[in-house]
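Here are the chains, one letter per residue:
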Amino acid sequence: MNSLISKYVGVLRFFCPWVIGLVSSDSHADLFDADFSAFNLNGLLDLRYQYSDSQPGEIENGLGKFRDGGNNSRFLANEAALVLQTRLDWDWSSTLTLKYADHQHTPVDLSEAFLVYRPVSTSAWQFGTRLGMFIPPVSMENIGTAWTSPYSLTSSAINTWVGEELKVFGAEAHIRFQTEGGDRLKWFAAGYANNDTAGVLLAWRGWSLHDYEATLNDQFVLPESLGIQTHLPLQASVTKPFVEVDGRPGYYSGVSIDRPEAYNFRVLYYDNLGNPTALENGQYSWRTQFWSLGLQVHLPWEWIFISQGMSGQTRMGERIQGLFAVDNGFWSASFLISKKMGNQRFSIRHEYFATDENDFLPLDQNEERGHALTINYNLTLAQRHQINFEFTHIDSDRQSRVNLDQQTRQEENLWQIAYRLFF
Amino acid sequence: MANCLSAVFLILSGLIMARPLYAVTLSGQVHSDGKPLPDVVVTLKPLSHDPRLSATAGKPVSWRLDQKGKEFIPHILVIPPGTAVYFPNSDDIQHHVYSFSKAKRFEIKLYKGTPAEPIVFDQPGLVALGCNIHDWMLGYILITETPYFTQTNAEGHWSIDVPAGDYQVSLWHPDALAPDTLPNEIKQIQTAQTLRHSIDLKAWRASGKPPDTLQMQGYIERF
Ligand SMILES: [Cu+2]
C-alpha cells in the first residue's frame, strides 16, 4: 500500500511544476476558464468466450504462449475501461484511462494518464508534447479506444510486449512539418523513467500473444521451475513492469511519415539506458535497446496492409569476461492484411518471433523461435456493438520447456468469441 | 475610300461587340478508377479580354462552412475573392479550426453553438482547413477569380452555362494523387460539349470524414 501511495505522490510531484508554471503564465490565464468544463468520456466493455487448446500460460506460471492457457473453455469479463479526456484550455488537455481486466493485479487501475500540450499552428510547423504515463508509439494496430485494435482481439507478439513492459513515465515532444497537400513529417523524442525492468518477460518467459496491458501498480509472476532464483537469488518471484531501479532515465526517438488515408511509416529507436547491475526490492534493472519499424498502407477496395518489425537486445547482471549473466537478442515481424466491407472487417495476421542467447548462464535457457497466425472477423452494429470471431494458432519452440517436462516445441490454439461495446 | 473602310470596320466591330454573348452548356463526367468521383471542382477561366466575360456576377455573398458531426460541411467550398465565410458549430462539442495555407492563415475557437465572426478570404488560392481537436477533420476553401466554376455531383457529373468563347478548363480534387497532372486544358467553347476525365486518387477513402466506429473515434492522436 505504501509503495502505491508513494507512486501516486511521485506522479503528482511530476505534474506540479508544470501546473504551477501554467497558472502563472499570462497566456494560460484562461486555463481554468469556466467554458472549459468540457470533457469526453469514452469506454469499452469486453465480454468473451474462449476455448484454448494449449499449454498453461503466464497466468498459470507456465510457458504457454497465450496468457490464459490449458485445455479450457471459459466465459470471462475480459476488460472494462473508461477513458476520460478533459480539455483544460484550447491548447491543453488530459487523458486518463482507468481499467479493470481479467486477472489484473490491482482490480481497477490506471493504464495511461497524461497531459497533452498541442497549440494550434498557423504555419507549416507544429509542436506538441505530452507528459505523464503513456505507451510509446510502436503499435500500428492498437489505435482504438483503450488501446484496442480494430483488426484483432489478440495483439501481435510485438504489441503484446509493448503493452506489458514498455509503458513509460516521462515527457514526449514532437515537431511536425505539414505540406499544403496534407503530407506530414514528424520527429519525436521522449525521456522517461519507470522502465528499468523492460525485457525480463522477453528473456525468461519469451514472446507472448494476448491483449492484456500492464497498469500503474502491476506485477507479473515469473515462470516457475526454471531455476531463475537459483541463478539469481536476489530476483523476486514477480516482475513489476513500471518501476524505477537505477535512477537513470531512458529515451526513445523516431520519425513518422504520413499521408493521411494513404500510408504511414514510422521508425523508432528505444534505449532505456538501464544499469544492468542495479537491483532494488528484488527487481533488477535491464538494459534494453531496440529498433522498431512500422508500415501501414491503404490499398484499393478498403484493404489495408500493416507490417511491424522489431529487433533488439536485453541484458542484465554482472559482466564476466565480456558476457552478461543474461543477454538475449530478440526480434519479431508481423504482416497483417485486413479488408473492410461496410460494418464488417476481416483480418489475417502472420508473424514470426525469436529470441537468442549469448550469456554466461547456459543453464538459464532463453532461446526460442516461433510463428503465429491470427484470423479475425468482426461486425460492428450502430457504430458501437462489435461481435468478434477469432482463431489464433501459435507454433513455438522454446528450450526451457524441458524444465517443465514438456516438449520444447508446442502447437497451441485459441478460439474466441467476443462482444465488445464501445461508447 | 480609307475613311469608308474604317467606317465599315467601326460598324462591324460595333456589331461584334454588341453581339449578345450566347450561353453554351458545357458538361462533363469525372471518374476515378472506373467509379464516379464527386466533389471535383471544375473552373473555367475566360481567355479573351472581353470584360463581360470576367465580370463577377454581382457582389460576393457570404457563405457558411458548418462543423457538423465532427466534419466540415461542405468538404470543399468554392468562392470568389472577398467572400466572407461564417464558421458555425452545429456540434455540441468544441472545434478549433485553423489554416496554415498561404492564401489565408487563421485560427478560430468554436465553442458549442456559438456563432463566430466571419473570415474574409481576399486572396485567390487554396485554403486547407484543419481542426486541432479532431485530427481527421479536413476541409478546403478554393478562392477563384473566375465566375465560372462548378462541382461534380454524387454521379461524378458536372454542367455549367458559359458565354461562348475560349476557356482554360481546370479540374481539382483534394485527394488527387498528383495535383500537378490534374486535367488543365484550353477549350474553344462555341457549341454544347461533354468532356470526360479520369483522376487518380492518393487515398481510397474520402479525406476529412470521421472514423465510422466509436472504437476509432475514441482514439486521440497520441503523439
Ligand atoms: Cu473538431
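Keep in mind the model is a prediction, meaning the values are calculated, not measured.

Participant: Help me get a handle on the domain arrangement of chain B, residues and values and all.
Facilitator: Residue and element names in this part refer to chain B. Domain annotation for chain B reports domain 1 (7-55 + 153-198) and domain 2 (62-143). Taken together, the contact pairs four residues of domain 1 with six residues of domain 2. When the two sides are added together, the surface that domain 1 and domain 2 hide from each other amounts to roughly 500 Å², 86% of it contributed by carbon and sulfur. Contact with domain 2 buries surface across domain 1, with Val-41, Trp-172 and Pro-174 losing the most and accounting together for 75% of the total. On inspection of domain 1 and its partner domain 2, the count reaches zero salt bridges. At the boundary of domain 1 with domain 2, the tally comes to zero residue pairs in polar contact (both at pLDDT 80 or more). Residues of the side of domain 1 that touches domain 2, tallied by class, amount to three nonpolar, no polar and one charged.

Participant: Before we move on, could you go through the confidence of the model for chain A and cite the residues and values that matter?
Facilitator: Looking at chain A as a whole, its pLDDT mean stands at 89, while 91% of the residues score no less than 70. Here residues 1-34 of chain A is a poorly scored stretch, pLDDT under 50, and it has 34 contacts once near neighbours within four places are set aside; other chains count.

Participant: An account of empty space enclosed by the protein is needed here, citing residue identities and associated values.
Facilitator: All names here are of chain A. Per the counting criterion, the structure on display carries eight cavities of 30 Å³ or more. For the largest cavity, the lining is made up of 19 residues, of which Gln-50, Arg-67, Asn-78, His-210 and Asp-211 are closest to its centre. Put simply, the parts of the chain that give the lining of the largest cavity at least two residues each are β1 (39-53), β2 (71-87) and β20 (409-422). The greatest single-element share of the lining of the largest cavity, amounting to four residues, is contributed by β2. A class-by-class count of the residues in the lining of the largest cavity yields seven nonpolar, five polar and seven charged.

Participant: Which residues make up the interface of chain B and chain A, and what values do they have?
Facilitator: Each partner contributes residues to the interface: chain B has 38 residues there, and chain A has 57 residues. Our enumeration of links across chain B and chain A arrives at three salt bridges. Of the charged contacts, one joins Lys-340 of chain A and Asp-212 of chain B as a salt bridge, the two residues approaching to 2.6 Å between their closest N and O atoms. Our enumeration of links across chain B and chain A arrives at 12 residue pairs in polar contact (both at pLDDT 80 or more). Mapped onto the side of chain B that touches chain A, the elements with two or more residues apiece are β9 (95-101), β10 (104-110), β12 (125-131) and α3 (214-217) of chain B.

So, how was this worked out
Residues numbered from 1 in each chain as written. Chains lettered and ligands numbered in written order. Predicted model: local features only at pLDDT ≥ 70, side-chain atom pairs only at ≥ 80, totals over all residues. Heavy atoms only, no water. Domains from an automatic or database assignment. Contact = heavy atoms within 4.5 Å. Buried area = accessible area lost by both parts, 1.4 Å probe. Salt bridge = Lys/Arg side-chain N within 4 Å of Asp/Glu carboxyl O. Polar contact = N/O pair within 3.5 Å; in protein donor to acceptor, adjacent residues only side chain to side chain. Nonpolar A, V, L, I, M, F, W, Y, C, P; charged D, E, K, R; others polar. pLDDT = per-residue confidence, 0-100. 1 Å grid on protein atoms, 1.4 Å probe; cavity = no way out; pocket = protein on both sides within 12 Å on 5 of 7 lines; lining within 4 Å. Points joined across faces, edges and corners; volume = space filled by probe spheres on them. Helix = DSSP H or I, 4+ residues; strand = E, 2+ residues; numbered from the N terminus.

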